[in-house]
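# Descriptive structure summary
As a plain string of letters, each chain reads:
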Amino acid sequence: MSQAATKPEVSAIPDPYSVPLEEIDMGKAALYPAQAHWAYFERLRKEDPVHFCESEEFGPYWSITKFNDIVHVDTHHHQFSSEPQIVIGDAVDFQPPMFIAMDQPKHDVQRKVVTPAVSPVQLSEVEPLIRKRVGNVLDSLPVGETFNWVDLVSIELTTQMLATLFDFPFEERRKLTYWSDVAASGPQVGDDSMTEEFRLQELTQCLEEFNKLWQERKAEPRKNDFISLMAHNPDMQNMDPMEYLGNLILLIVGGNDTTRNSMSGGVVALNQNPAEYDKLRADPSLIPNMVSEIIRWQTPLAHMRRNATEDVELGGKTIKKGDKVVMWYISGNRDDEVIDRPDEFIIDRSKARHHISFGFGIHRCMGNRLAEMQLRILWEEILKRFEKVELVGEPVRVTSNFVMGYSHLPVKLHAK
Amino acid sequence: MVQVTYVQHDGTAHEVDAPDGHSLMEVAIDNMIPGIDGDCGGACACATCHVFVDDAWLAKTGEKEDMETSMLEFAEGLEANSRLACQIKASADLDGIIVRLPESQH
């Protein structure tokens, strides 16, 4: 995460074709900030799309790299369990339960409790507020000076949105960003910048603050924020504190890292593809389509992990009961059997919504409509104000095999 | 060919011919009917082809499988006649079917 941002050591990463196939381990987090993963995934999709590897770091696991195979795994949730964990690594001793890492029926019950907070009706109610806040943030930016887009725009906007969804004290909203970063870091995703003990200590503090809010909300009439929805629901009222923490982490990380990095990713993509930026300026009605293309191109979460509940044949291989299976969404989104010219960023691409970044099946992202709305409003308001958001230096990427993110994006705004 | 009528949320009706065996999601996409997304391409995995089947036809569309029931939980404004269009295949039995579309799929 942002704490773990490092300069990639490109020279240390070998060419994918110089490595024996069976030694290819896509769990190696260093591949990602160096952008070396693309070529590795391309080789796997061609030569070994359902790929087994004995990883020193993560143990034995399967990599699923083709779009349709990923859809198959994601939609066969009885054969591919989300328990106990949905990232590649296994937690050592700190693993709060959360509904993304639960199977039916409990998953369905808990998910249903919180979805009203991001329903289309609720979203259309908050749209004017989001637009106003986006406008305020953009109006406060220095024009003509270099600044970090990640901090002043991407983090700020997603954090404001999270504070609204939780009805969290607005002035203290950066705590949410911090807890999200702590929760999504650690050895499970190939990041060694913080220990499990440190994460436990920080997230215990998070739980304490949210416990106070739970008590407050329970005493008040039910509202449409996440905490109130949980506190007033009979199925969740007697939730174990660790399960409350788990679900909070899920909602914080789900609403934070993902949209944040798509907000940054759009700037990177448009700067690397100036003809697409011209197209956008000429026709802002392309924004909704571009938003789907940004989410595909960025794929803010690289993978989700499952565990086989029985022996399953896939791509000519036998996945054994109990095996760990990693669906690489980031690779599926570059599969040319399903997506035309997948390595190109094309804002008016046809069937742009047919990407795999939100996952498919019962665990599909519940905040997808909110994410699309936030990105749409951001670009609508940017186009009203600025001729260009110019990237003036190299993006600094985070070291993770899970979050495809940026910690630093030096930009300069050009007035209209 | 099977005749299918899609009625948009604002009341606009689109009468189209559906080839036998094609799903009502595919037919809507092929005929550019606004209001059906079909993000997952027909894998019953995204719930963006939610339709309300006219009561006269509901029984003829058959029983929902477990996966469809689970995915329908994602859709907004669920009703007893809610279905996912990707799970209804055009057939002679359904000739003349009317489905209504929700305000938005996403």
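Notes on the structure in this doc start here. Owing to the predicted nature of the structure, the values given are computational and were not obtained by experimental measurement.

### A word on the overall build of chain B
Helix and strand content of chain B: 3 helices and 5 strands. What you see in chain B, going N to C, is helices and strands ordered as β-β-α-β-α-α-β-β. Against the 2.2 N^0.38 benchmark of 13 Å for 106 residues, chain B shows a C-alpha radius of gyration of 12 Å, consistent with a compact globule. Residues counted as buried form 49% of the 106 residues belonging to chain B. Of all intrachain contacts in chain B linking residues separated by at least 6 positions in sequence, the fraction that spans at least 24 positions is 62%.

### Describing the interface of chain B and chain A
As a measure of interface size, the accessible area lost when the parts come together is often cited. The partner chain A presents 18 residues to the 15 residues of chain B that form the contact. Here chain B is connected to chain A by 4 salt bridges. For the interface between chain B and chain A, the tally reads 7 residue pairs in polar contact (both at pLDDT 80 or more).

### What to know about the pattern of salt bridges
Opposite charge on two side chains allows them to pair when their charged atoms are near. Residue and element names in this part refer to chain A. Under the definition given, this model contains 46 salt bridges over all chains. Among the ionic pairs, R217 bridges to D167, the shortest N-O distance being 4.0 Å. Of this pair, R217 sits in helix 7 (residues 196-219) while D167 sits in the loop between helix 5 (149-166) and helix 6 (174-183); the two residues are 50 residues apart in sequence, bridging distant segments of the chain.

### Section: the sheet that holds strand 5 (residues 97-100) of chain B
Residues and elements named next belong to chain B. The 5 strands are arranged 2-1-5-3-4 in an open sheet whose pairing can be described as mixed. Since the sheet does not close on itself, it has two edges, and those belong to strand 2 (13-18) and strand 4 (82-84), each with one partner. Geometrically, the sheet is characterised by an average inter-axis angle of 35° between neighbouring strands, direction not taken into account. The pairing of strand 3 (residues 50-53) with strand 4 spans 3 bridges and is classified as antiparallel. Residue pairing for strand 4: H50 is matched across the bridge by L84.

### With respect to the packing of aromatic side chains
Residue and element names in this part refer to chain A. All told, the structure shown has 12 aromatic pairs over all chains when counted by the stated rule. Geometrically, the ring pair formed by W179 and F210 is tilted, given 5.9 Å between the ring centres and 55° between the ring planes. Taken as a pair, W179 in helix 6 and F210 in helix 7 lie far apart in primary sequence, 31 residues in all. For the residue pair W179 and F210, the accessibility class agrees, reading buried in each case. An aromatic cluster is built from F166, F168, W179, F210 and F226, whose rings are joined through pairwise contacts. Directly above the ring of Y277 sits R281, whose terminal nitrogen or CZ lies 4.4 Å from the centroid.

### Points about the state of the cysteines
All names here are of chain B. This structure, assessed with the given rule, holds 0 disulfides over all chains. C49 forms no disulfide, and the closest cysteine sulfur to it belongs to C86, at a distance of 3.9 Å. The exposure class of C49 is buried, given its relative accessible area of 3%. Given the relative accessible area of 4%, C86 is considered buried.

### Observations concerning the packing of helix 6 of chain A against helix 7 of chain A
Geometrically, a packed helix pair is captured by the angle between its two axes and the distance between the axes. Residue and element names in this part refer to chain A. Taken N-terminus to C-terminus, the directions of helix 6 and helix 7 make an angle of 140°; their axes are 10 Å apart at the nearest point. Taken together, helix 6 and helix 7 sit at an angle that is classed as oblique. By crossing handedness, the relation of helix 6 to helix 7 is classed as left-handed. Here helix 6 contributes K175, L176, Y178, W179, V182 and A183 to the contact with helix 7, which in turn contributes F198, R199, E202, L203, Q205, C206, E209 and F210. Classifying every residue of the contact of helix 6 with helix 7 by side-chain character gives 9 nonpolar, 1 polar and 4 charged.

### A word on helix 5 of chain A
Residue and element names in this part refer to chain A. Relative to the 26 Å expected for 18 residues at 1.5 Å per residue, helix 5 spans 25 Å between its end C-alpha atoms, a close match to the ideal helical length. When the local axis directions of helix 5 are compared, the greatest deviation, roughly 30°, occurs at E156. The buried fraction of helix 5 amounts to 15 of the 18 residues, a majority that puts the element mostly inside the structure. Following helix 5 by one or two positions, D167 adopts a phi angle in the positive range, close to 50°.

### Observations regarding the pairing of strand 8 (residues 324-328) of chain A
All names here are of chain A. Within strand 8, 5 of the 5 residues are buried, leaving the element largely enclosed by the surrounding structure. Judged by which residues are buried, strand 8 turns out to be covered on both faces: K324, V326 and W328 on one side and V325 and M327 on the other are all buried. Across 3 bridges, strand 2 (residues 59-64) lies against strand 8 in parallel orientation. Looking across to strand 8, one finds that S63 is bridged to V326.

What counts, and where the lines are drawn
- Residues numbered from 1 in each chain as written.
- Chains lettered and ligands numbered in written order.
- Predicted model: local features only at pLDDT ≥ 70, side-chain atom pairs only at ≥ 80, totals over all residues.
- Heavy atoms only, no water.
- Helix = DSSP H or I, 4+ residues; strand = E, 2+ residues; numbered from the N terminus.
- Rg over C-alpha atoms; globule rule 2.2 N^0.38 Å.
- Buried < 20%, exposed > 50% of the residue type's maximum accessible area, 1.4 Å probe, protein only.
- Contact = heavy atoms within 4.5 Å.
- Salt bridge = Lys/Arg side-chain N within 4 Å of Asp/Glu carboxyl O.
- Polar contact = N/O pair within 3.5 Å; in protein donor to acceptor, adjacent residues only side chain to side chain.
- Pairing = 2+ DSSP bridges.
- Axes fitted to C-alpha atoms, helices over the stretch in contact; angles between N-to-C directions.
- Phe/Tyr/Trp six-rings, centres within 6.5 Å; stacked < 30°, edge-to-face > 60°.
- Lys NZ or Arg CZ within 6 Å of the ring centre and 35° of its normal.
- Disulfide = S-S within 2.5 Å.
- Parallel < 35°, antiparallel > 145°, perpendicular 65-115°, else oblique.
- Left-handed = near helix turned anticlockwise from the far one by under 90°.
- Nonpolar A, V, L, I, M, F, W, Y, C, P; charged D, E, K, R; others polar.
- Expected span 1.5 Å × (residues − 1).
- Bend = angle between axes of the 7 residues up to and from the residue.

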